[in-house]
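A closer look at the structure
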Amino acid sequence: MPDPYSQLLEWRRNEGSARGLAKLPRDFYATTAAYLQETRRAYEGDLRENPSSRRGELARQTHQRASQIGRDIVEARMSKLLSAAFQASIGGVRDLPNALPEERSLFDRLVQNLIDYRRASAPYLESDGAAAPLPEAPVPSATKPAAPPGTSDGPVSPASRMEYVRILKDSRPIQIGPDTVDLRREEILAVPPETAQLLVATKLAERVRTESTPPVT
C-alpha cells in the first residue's frame, strides 16, 4: 500500500486526467486532514527541539508539498462540482458519479441556490415561465369593428352607430364608456360619433369614409 504522500500524488494525477470526478475513498477528506495534521505536528516538534534539525526541515517541506497537493485535488473537484451544478440548475442531469458525501451535499445546495437565484432575479429564464402563455388583454369594445351593413340581427339605432377614424399621432389613452383606449398612430378605431368629432377637432384623428357594399345580384 503506498504511503499517504505518494497516494496524494496519484489522486492528483487521476483528478487532473478525469473529465468528471475521479474515484476517491469515501474518507478522503478526513484521512487527508489527519495526515496533514500529523506531518505538521512532526516537523513542529522536531524544529522545536532542534531548530537546525535536518529531519525537521524535511518534514516541514513534506507537509507544505502535501498541503499543496491536497489543495489541488480539492479545488479541481470543486471546479467540476460548480460546472455540474450549473448544468443541473438549467435542466441537466443531477447524477454525479464518484461524488463523496460532502461533495454531494455541496452540489445539492449549489443547484438549489442557482435555481432560487434564477427564479428571483431572472424569472424569464425559467423554461416553465417562458412557456406559459401570456394572458390576452381584453379588447375594448370601442375598437371592435362594426358589423357589415345588412348583417345585424335587428335595426341599428342612430345611438349605437359607430364611426371609423384613423389616428394621426400617438396620444394619451381616452375613456370610451367603461373602456380605456390607447391612441396609436395609424390605428383605425370604431368609436361613437361624438368621440369621432372630438378626435377630428383636436387633430388627433381623421374620419375614414366607408361605403356600403352593393348587393350581389
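Residues numbered from 1 in each chain as written. Predicted model: local features only at pLDDT ≥ 70, side-chain atom pairs only at ≥ 80, totals over all residues. Heavy atoms only, no water.

**Here's the deal with the confidence of the model for the protein**
Here the protein averages 80 in pLDDT, while 78% of its residues score no lower than 70. The lowest-confidence element of the protein is helix 5 (residues 127-131), averaging 44 in pLDDT; the highest-confidence one is helix 1 (residues 4-17), averaging 96. Note that residues 128-159 has pLDDT below 50 and, in this model, 21 contacts with residues that lie over four places away or in other chains. In this model residues 212-217 is a low-confidence stretch, pLDDT under 50, and it forms one contact with partners more than four residues away in sequence or in other chains. (pLDDT = per-residue confidence, 0-100. Helix = DSSP H or I, 4+ residues; strand = E, 2+ residues; numbered from the N terminus. Contact = heavy atoms within 4.5 Å.)

**Notes on the sheet that holds strand 1 (residues 163-167)**
Ordered by their spatial adjacency, three strands build an open sheet running 4-1-5, and the pairing between neighbours is antiparallel. Pairing within the sheet leaves two strands with one partner each, and these edge strands are strand 4 (188-191) and strand 5 (205-207). This sheet shows a mean twist of 35 degrees between the axes of neighbouring strands, independent of strand direction. Note: strand 1 against strand 5, three bridges, orientation antiparallel. Directly across from Arg166, in strand 5, lies its bridge partner Glu206. Helix 6 (residues 193-201) rests against strand 1, strand 4 and strand 5 of the sheet, and its axis sits at about 125 degrees to strand 5. (Pairing = 2+ DSSP bridges. Axes fitted to C-alpha atoms, helices over the stretch in contact; angles between N-to-C directions.)

**A short note on helix 2 (residues 28-49)**
For helix 2, which comprises 22 residues, the first-to-last C-alpha distance of 32 Å matches the rise-based estimate of 32 Å (1.5 Å per residue) to within 8%. Those residues of helix 2 not exposed but buried are Phe28, Thr32, Tyr35, Leu36, Thr39, Tyr43, Gly45, Asp46 and Leu47. Of the surrounding elements, those touching the buried residues of helix 2 are helix 1 and helix 3 (54-89). (Expected span 1.5 Å × (residues − 1). Buried < 20%, exposed > 50% of the residue type's maximum accessible area, 1.4 Å probe, protein only.)

**Focus: the pairing of strand 1**
Each regular strand shows side chains that alternate between the opposite faces of the sheet. Across four bridges, strand 1 lies against strand 4 in antiparallel orientation. Its bridge partner lying in strand 4, Tyr164 is registered against Ala190.

**Considerations on the pattern of salt bridges**
Oppositely charged side chains are able to pair whenever their charged atoms sit close together. All told, the structure shown has ten salt bridges when counted by the stated rule. Note that Lys80 and Glu15 form a salt bridge whose closest N and O atoms lie 2.8 Å from each other. Here Lys80 is found in helix 3, whereas its partner Glu15 is found in helix 1, with 65 residues between them in sequence. The same class applies to Lys80 and to Glu15, which are both buried. (Salt bridge = Lys/Arg side-chain N within 4 Å of Asp/Glu carboxyl O.)

**Remarks on the nonpolar core**
One finds Val165, Ile167, Ile174, Ile176, Val181, Leu183, Leu189, Val191, Ala196, Leu199, Leu204 and Ala205 forming the largest nonpolar core, which totals twelve residues. For this core, the elements supplying multiple residues, two or more each, are strand 1, strand 2 (171-176), strand 3 (179-183), strand 4 and helix 6. Not counting the four nearest positions on each side in its chain, Leu204 is found in contact with Arg166, Ile167, Leu168, Lys169, Ser171, Leu183 and Leu199. Grouped together as the second largest cluster of nonpolar side chains are eleven residues, Leu8, Leu24, Tyr35 and Leu36 included. (Core = buried A, V, L, I, M, F, W, Y, C linked by side-chain atoms within 4.5 Å.)

**Thoughts on the packing of helix 1 against helix 3**
At a minimum axis distance of 10 Å, the contact between helix 1 and helix 3 shows a crossing angle of 30 degrees. One element, helix 1, and the other, helix 3, form an angle in the roughly parallel class. Of the two possible hands of crossing, helix 1 and helix 3 adopt the one that is left-handed. Residues Tyr5, Leu8, Leu9, Trp11, Arg12 and Glu15 of helix 1 pack against Thr62, Arg65, Ala66, Ile69, Asp72, Ile73, Ala76, Arg77 and Lys80 of helix 3. Looking at side-chain class alone, the contact of helix 1 with helix 3 contains eight nonpolar, one polar and six charged residues. (Parallel < 35°, antiparallel > 145°, perpendicular 65-115°, else oblique. Left-handed = near helix turned anticlockwise from the far one by under 90°. Nonpolar A, V, L, I, M, F, W, Y, C, P; charged D, E, K, R; others polar.)

**So, unusual backbone geometry**
Notably, Asn98 is not glycine yet its phi reads approximately 70 degrees, a positive angle. Unusually for a residue other than glycine, Glu186 sits at a positive phi of about 75 degrees. Relative to the helices and strands, Glu186 resides in the loop between strand 3 and strand 4.

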